Structure formats: C-alpha cells, structure tokens
Amino acid sequence: MKKALLISVAILASTLSVSAKVTFKHLDNNSGTNLILVDNEAGENVKVDKAVLHNNGKDHEAKNIDCDLNNGVATYKLKFTKLTTFDRTSVTIRINDEDVTVTLPISNLTGNIEVE
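The structure reproduced in this document is the subject of the present report. (Residues numbered from 1 in each chain as written. Predicted model: local features only at pLDDT ≥ 70, side-chain atom pairs only at ≥ 80, totals over all residues. Heavy atoms only, no water.)

1. Structural notes on the sheet that holds strand 7 (residues 90-95)
Link 1 in the chain: Strand order across the open sheet formed by 4 strands is 4-3-7-8, with antiparallel pairing between neighbours. Unpaired on one side and paired on the other, strand 4 (58-61) and strand 8 (98-103) mark the two borders of the sheet. Strand-to-strand twist across the sheet, computed as the mean angle between neighbouring axes with direction ignored, equals 20 degrees.
Link 2 in the chain: Pairing between strand 3 (residues 48-55) and strand 7: 5 bridges, direction antiparallel. Following the sheet pairing, Ala51 is matched in strand 7 by Ile93. (Pairing = 2+ DSSP bridges. Helix = DSSP H or I, 4+ residues; strand = E, 2+ residues; numbered from the N terminus. Axes fitted to C-alpha atoms, helices over the stretch in contact; angles between N-to-C directions.)

2. A few points about the environment of Thr85
Link 1 in the chain: Mapped onto the fold, Thr85 is located in the loop between strand 6 (73-80) and strand 7.
Link 2 in the chain: Taking the C-alpha atoms as reference points, Thr85 and Asn55, separated by 30 residues in sequence, lie 8.3 Å from one another.

3. Describing the side chain of Asn55
Link 1 in the chain: By the element assignment, Asn55 lies in strand 3.
Link 2 in the chain: For Asn55, a relative accessible area of 5% translates into the label buried.
Link 3 in the chain: Here the side chain of Asn55 touches Thr85 through a polar contact of 2.7 Å, landing on its backbone oxygen. (Buried < 20%, exposed > 50% of the residue type's maximum accessible area, 1.4 Å probe, protein only. Polar contact = N/O pair within 3.5 Å; in protein donor to acceptor, adjacent residues only side chain to side chain.)

4. Regarding the pairing of strand 2 (residues 33-39)
Link 1 in the chain: Here strand 2 lies mainly inside the structure; 6 of its 7 residues are buried.
Link 2 in the chain: Where strand 1 (residues 22-28) lies against strand 2, 6 bridges are found, and the strand directions are antiparallel. From the neighbouring strand, Val22 faces strand 2, where its bridge partner is Asp39.
Link 3 in the chain: Hairpin connection, strand 1 to strand 2: the antiparallel pair is bridged by 4 residues, and Ser31 has positive phi, about 55 degrees.
Link 4 in the chain: Here 7 bridges tie strand 2 to strand 6, and the two strands are oriented antiparallel to one another. Along strand 6, the bridge assignment pairs Ile36 with Lys77.

5. Focus on the environment of Asn29
Link 1 in the chain: Tracing the backbone through its elements, the reader meets Asn29 in the loop between strand 1 and strand 2.
Link 2 in the chain: Placed 50 residues apart in sequence, Asn29 and Lys79 show a C-alpha to C-alpha distance of 9.6 Å.
Link 3 in the chain: A distance of 2.6 Å separates polar atoms of two side chains, one belonging to Asn29 and the other to Thr33.

Structural measurements only, silent on function.
Put into structure tokens, the structure is as follows:
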C-alpha cells in the first residue's frame, strides 16, 4: 500500500513539474499589440504552437511568435493586431502541447505596461 502511494505521489510531482509557470512581463501598442511573457522554469526544450489574445469577448490569434531560451528561462514575444481597448484580457499560449492561460493585469491602457 505504501509503495502504491509513493508511486502516485511521484507521478503527481512529475506531472506538476512539467507545467509551465508563465508570467506577464510587458505590453506595448507600438506597431501592433506586443506582449512579452516569461517562463522561469521552461527547461531545455520549448515548442510553441500558437497564442491567442482574449480581449473584450473576442479572440485574436498571434501574427508572430518568437521564443528565446536561455539557461532554462523562456521569453515569449507575441505580436497581435493593434488593439485600442483592453477589457477582460488574457492570453493563451500552447507550450509543449499544453495550453497555458495568463490573465493580463490591464484595463484602459494608455501607455506601455511592464511588470518587474
């Protein structure tokens, strides 16, 4: 019984460790809506399939996705069609075949937003 419990805990821990820990870093509206997201626990390999910006009840697919990977830290640079209003805004990015949604702490954007 103890062995089965330990195996279950090990499987759960390994499942949790592969989940991306993506956080919002930056948003600007220069030549389109540009987002930067960071994953400090990305590991050595990252595959990004798509990104969708959810804003004001509408979905906007990314026009461009760039990923920089350095020492296990992934920086995702996403470009969308320029938006002028931000309300109930989040982004879903597919990383290593897993959808990760990040809520963006913005509303009524008047300039660039960056989180330290």
